[in-house]
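The primary structure of each chain is shown beneath.
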Amino acid sequence: MSMMIHPVLLCGGSGTRLWPLSRKSYPKQFARLIGEESLFQGSARRLAGEGFAPPLVVTGEPFRFIVTEQLAAIEQAPQAILIEPEGRNTAPAILAAALWMARKDPEAVMLVAPSDHVIPDAAAFRAAVQAALPAAREGQLVSFGITPTRPETGYGYLKLAADADPGASRPQPLERFVEKPDHDSAQALLAEGRSLWNAGIFLFSARAILEAFAVHADVLAEEVQRAVDEAQTDMGFTRLAPEPWAALPNISVDYAIMEKADNLAVMPYRGHWSDLGGWDAVWQEAGPDAAGNVCSDNATAIGCRDTLLRAESEGQELVGIGLRDMIAVAMGDAVLVAHKSEAQRVKEAVKALKAKGAKQATEFPRDHRPWGWFESLAVGTRFQVKRIVVHPGGALSLQSHHHRAEHWIVVQGTARVTVGETVTLVSENQSVYVPLGEVHRLENPGKLPMILIEVQTGSYLGEDDIIRYEDVYARR
């Protein structure tokens, strides 16, 4: 039996409350919100080291290469990446991870954690995990509860049993789960002193959670088992079968299992924790200055108090004058301005943008691909200018277009370019023309990122005008 703890990182969410920096195509767990690393990288680091196996990551199809790229950047390799065909909330994701883990070792202890939380004291958190380990090995489902600091209405609560100690350094008995309360109920829970915030972090053996699913959610168990049994593996990714997955309900593990199981325990965690559930939380976590302001490098506050100013695009300057309790987040294609007390309404903004068909609601200006990324610099009725960055060793698919021709100008590095039967090396300040309909490919044979400017001309410039003949990343 393995004595290692197996981290399971859940990173399929869309994080709309942190729009415009977090969008469906590039959600908040992959963004650098606090510090130099993404929340996902911080989570992977926190659940690594002595006693921890490499992480098992559960994510969505669009994010699979972002996951591998961000793990490689912190010199980690996952033990597996499970690809959900579509988001179905935490219960199916956790069950799939448990079934996958149980194939190797049914007694494997899994530490399931969202990948978008902030826990600054990694050592203290790992100590809490170690303290909860004996209970998990004995078959209990351990949930982590955070010592509340305010009557928060954005979190669920874990109400401990009457004889429990919310400040204990070992798991405590649970009385019940409490859904996100209104302000008065949250105030009462805080005053009573027996309730902890539900962090959505769990520790249990694969066997214990599978038994719980068999008892409390057997219909779920059947379909997820099929999705795992019929999974396809390619390039280190395990793609869960889409047909059984599509039949699953959208259900959280709290609803499916935790609110029904009788072998629950709560591990109190007294250290600092945040789920960065809105821009007000980002302001708080970023450490406001003496005037209460948080400014990014290219943002300036003049006569402001308790204000967050973030400019996210190169060459952009954001200036706030005389602002109080405000949030301003500027990107190249979208700007958010909100009163801090209204931060939770950002979801409404995303909904409104979707309703009017604005692509900014879901699409990130930088489109991340397995080979690198691109962004649009200028768009007209019959032309588009893009910046394309290709990682060392990266290669775009062998492809052609029905409706557009392309002109490539290399501005950094060297490109290996295939146009028809001709393969050439194109260096800085050199260019190459790809006629409409011609089969072509772009590769970076060098050791540094290669950057080029692409000028597209034609009657239709959409990303779906692409015929792939060969692709090293097995995209469909």
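Basis of the calculations
Residues numbered from 1 in each chain as written. Predicted model: local features only at pLDDT ≥ 70, side-chain atom pairs only at ≥ 80, totals over all residues. Heavy atoms only, no water. UniProt positions renumbered as here; feature names shortened; annotations may be inferred. Helix = DSSP H or I, 4+ residues; strand = E, 2+ residues; numbered from the N terminus. Rg over C-alpha atoms; globule rule 2.2 N^0.38 Å. Buried < 20%, exposed > 50% of the residue type's maximum accessible area, 1.4 Å probe, protein only. Contact = heavy atoms within 4.5 Å. Phe/Tyr/Trp six-rings, centres within 6.5 Å; stacked < 30°, edge-to-face > 60°. Lys NZ or Arg CZ within 6 Å of the ring centre and 35° of its normal. 1 Å grid on protein atoms, 1.4 Å probe; cavity = no way out; pocket = protein on both sides within 12 Å on 5 of 7 lines; lining within 4 Å. Points joined across faces, edges and corners; volume = space filled by probe spheres on them. Nonpolar A, V, L, I, M, F, W, Y, C, P; charged D, E, K, R; others polar. Pairing = 2+ DSSP bridges. Polar contact = N/O pair within 3.5 Å; in protein donor to acceptor, adjacent residues only side chain to side chain. Axes fitted to C-alpha atoms, helices over the stretch in contact; angles between N-to-C directions.

Looking at an unreviewed UniProt entry, one finds the protein chain named mannose-1-phosphate guanylyltransferase, with Rhodovulum bhavnagarense as its source organism. Listed in UniProt under the heading Catalytic activity (unreviewed entry), the comment for the protein chain reads: "alpha-D-mannose 1-phosphate + GTP + H(+) = GDP-alpha-D-mannose + diphosphate". The protein chain has a UniProt comment under Sequence similarities (unreviewed entry) that states "Belongs to the mannose-6-phosphate isomerase type 2 family."

The next point concerns the overall build of the protein chain. When its secondary structure is counted, the protein chain shows eleven helices and 28 strands. Here the C-alpha atoms of the protein chain give a radius of gyration of 24 Å, agreeing with the 23 Å that 2.2 N^0.38 yields for 476 residues. Overall size of the protein chain, expressed as C-alpha extent along the three principal axes, is 75 × 60 × 40 Å. Classification of the 476 residues of the protein chain by burial places 52% in the buried group. Sequence separation of 24 or more characterises 69% of the internal contacts of the protein chain that already satisfy a separation of 6 or more.

Applying the stated criterion across every chain yields a total of twelve aromatic pairs. Geometrically, the ring pair formed by Phe30 and Phe40 is edge-to-face, given 5.7 Å between the ring centres and 65° between the ring planes. Here Phe30, found in the loop between strand 1 (5-11) and helix 1 (39-46), pairs with Phe40, found in helix 1; they are ten residues apart in sequence, far enough to count as distant. Each member of the pair Phe30 and Phe40 is classed as buried. A cation over a ring is seen here: Arg64 above Phe237, with NZ or CZ 5.9 Å from the ring centre. Taking the ring centre of Phe374 as reference, the NZ or CZ of Lys386 above it sits at 4.0 Å.

Before going further, it helps to examine empty space enclosed by the protein. Inspection of every chain in the model, using the stated rule, returns two cavities of 30 Å³ or more. Of the voids in this model, the largest cavity is the one considered here, and its volume is about 200 Å³. As for the largest cavity, its lining consists of 21 residues, and the residues nearest its centre are Trp371, Leu396, Gln399, Arg404 and Glu463. Only strand 20 (383-390), strand 22 (404-412), strand 26 (440-443) and strand 27 (450-458) provide two or more residues apiece to the lining of the largest cavity. A per-class count over the lining of the largest cavity returns seven nonpolar, five polar and nine charged. Its volume calculated, the second largest cavity comes out at about 50 Å³.

The four strands lie next to each other as 12-14-16-17, forming an open sheet whose pairing is mixed. If you trace the sheet from one side to the other, it starts and ends with strand 12 (294-295) and strand 17 (335-339), each paired once. Bridge count for strand 12 against strand 14 (residues 308-311) is two bridges, and the pairing is parallel. Directly across from Cys295, in strand 14, lies its bridge partner Leu309.

On to the UniProt feature "domain: MannoseP isomerase/GMP-like beta-helix" (unreviewed entry) in the protein chain. Within this numbering scheme, the UniProt entry marks residues 320-353 as carrying the feature "domain: MannoseP isomerase/GMP-like beta-helix" (unreviewed entry). Between the first and last C-alpha atoms of residues 320-353 the distance is 25 Å; the span itself is 24% helix and 35% strand.

What follows concerns the UniProt feature "domain: Mannose-6-phosphate isomerase type II C-terminal" (unreviewed entry) in the protein chain. Sequence positions flagged by UniProt for "domain: Mannose-6-phosphate isomerase type II C-terminal" (unreviewed entry) are, in local numbering, residues 360-471. Across residues 360-471, the secondary structure splits into 0% helix and 56% strand, with the terminal C-alpha atoms separated by 28 Å.

In this section: the side chain of Gln399. Structurally, the position occupied by Gln399 is in strand 21 (residues 398-400). Within the structure, the side chain of Gln399 is placed 3.2 Å from the side chain of His401, a separation counted as a polar contact. Apart from residues no more than four positions distant in its own chain, Gln399 is found in contact with Glu438, Val439, His440, Ile466, Ile467 and Tyr469.

Ordered in space as 18-19-20-27-22-25, the six strands form an open sheet in which the pairing is antiparallel. On the outer flanks of this sheet lie strand 18 (366-369) and strand 25 (431-434), each paired with one strand and no other. Sheet twist, expressed as the average angle between the axes of neighbouring strands with direction ignored, equals 20°. Pairing analysis gives eight bridges linking strand 20 to strand 27, with the strands arranged antiparallel. Note on strand 27: the bridge partner recorded for Val390 is Met450.

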